[in-house]
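# Close look at the chain arrangement
One-letter residues, chain by chain:
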Amino acid sequence: MTTATPAAVTDLSGTWTLDPTHTRMGFVTRHAMVTKVRGGFNEFTGTATVPAEGVEGATIEVTIQAASIDTRNADRDAHLKTNDFFDMENYPEITFRSTKVTAKGADELEVTGDLTIKGQTKSVTVPFEFEGAATDPFGNLRAGFEGKTVINRNDFGLTWNAALETGGVLVSEKITLEFEVSAIKQA
């Protein structure tokens, strides 16, 4: 059986799962008002179910294991796991559940949904670019997307900070969430 390769976001019907080995769930924030710190989460699952009628009826769910945070600095990661930030003992997962998906042409999607971090749920919208689809050497139909959005970490109870002698604070309130997604069609 041969499956047609989707040429546009409007052709993505079916059930898709995130490929964690080819997907990045990352973030960027200002540090000490002069540099940026980048990090991500290494353990997550996600599915998208897109009805034949189109992406507007799609449901997307992502669950991230908060303890898989990785900023390439063990001390910083340990601090992020405490109650000062993620309080991973009480809130081990970060979740996203779509409430609206809209095609913005052949190669763009806008995904709105409920993001829950540290027990706080807020609606966020992420614009995604459809990077295309292809069948890999193992016979899997893959689709690729890239997207990013900015949130205020204080909205999610991530309020710890430290004042700097020169003015300003150690960690910016604004966090840019970055997503590089490879999804595999299941059905």
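For the structure itself, consult the block above.
Residues numbered from 1 in each chain as written. Predicted model: local features only at pLDDT ≥ 70, side-chain atom pairs only at ≥ 80, totals over all residues. Heavy atoms only, no water.

It is worth spelling out a negative patch on the surface at this point. A cluster of acidic side chains, namely Asp107, Glu108, Glu129, Glu131, Glu146 and Glu180, defines a negative patch on the protein surface. Summarising the element assignment, glutamate 108 is placed in strand β8 (residues 108–117). (Patch = residues over 30% accessible without salt bridge, like charges linked within 9 Å, V, L, I, M, F, W, Y side chains within 5 Å. Areas by Shrake-Rupley, 256 points an atom, 1.4 Å probe, with all protein chains shown as cover. Salt bridge = Lys/Arg side-chain N within 4 Å of Asp/Glu carboxyl O. Lys, Arg positive; Asp, Glu negative; His and termini not counted. Charge placed at Lys NZ, Arg CZ, Asp CG, Glu CD. Helix = DSSP H or I, 4+ residues; strand = E, 2+ residues; numbered from the N terminus.)

In this section: the packing of aromatic side chains. Within the structure shown, the criterion is met by six aromatic pairs. On the basis of an interplanar angle of 40° and a centroid distance of 5.4 Å, the ring pair of phenylalanine 130 and phenylalanine 145 is categorised as tilted. Remark: phenylalanine 145 occurs in strand β10 (residues 141–152) and phenylalanine 130 occurs in strand β9 (residues 120–135); sequence separation between them is 15 residues. Chaining the aromatic ring pairs together yields one cluster made of Phe128, Phe130, Phe145 and Phe179. (Phe/Tyr/Trp six-rings, centres within 6.5 Å; stacked < 30°, edge-to-face > 60°.)

Core analysis: the largest hydrophobic core is formed by 45 residues, its most contacted members being Phe86, Leu115 and Phe145. With sequence-adjacent residues up to four places away left out, phenylalanine 86 is seen in contact with Phe41, Ile69, Leu80, Tyr91, Ile94, Ile117, Lys118 and Leu158. (Core = buried A, V, L, I, M, F, W, Y, C linked by side-chain atoms within 4.5 Å. Buried < 20%, exposed > 50% of the residue type's maximum accessible area, 1.4 Å probe, protein only. Contact = heavy atoms within 4.5 Å.)

A few words on the environment of glutamine 65. By the secondary structure assignment, glutamine 65 is in strand β5 (residues 59–65). With a relative accessible area of 28%, glutamine 65 lands in the partly exposed category. In this structure the C-alpha to C-alpha distance between glutamine 65 and methionine 88, which are 23 residues apart in sequence, comes to 9.0 Å. Contacts of glutamine 65, omitting those with residues within four sequence positions, involve Phe41, Glu43, Pro92 and Glu93.

Quick look at the pattern of salt bridges now. Inspection of the entire model under this criterion finds four salt bridges. Arginine 142 is the salt-bridge partner of aspartate 19, the closest N and O atoms lying 2.7 Å from each other. In this pair, aspartate 19 sits in the loop between β1 (14–18) and β2 (24–31) while arginine 142 sits in strand β10, placing the two residues 123 residues apart along the sequence. A residue is classified by how much of its surface remains accessible, and aspartate 19, at 8% relative accessible area, is buried. On the basis of relative accessibility, which here comes to 19%, the residue arginine 142 falls in the buried class. Two residues, aspartate 136 and arginine 142, come together in a salt bridge whose shortest N-O distance is 2.8 Å. Salt bridges sharing partners connect three or more residues here, namely Asp19, Asp136 and Arg142.

By themselves, these figures tell us nothing about what the structure is for.
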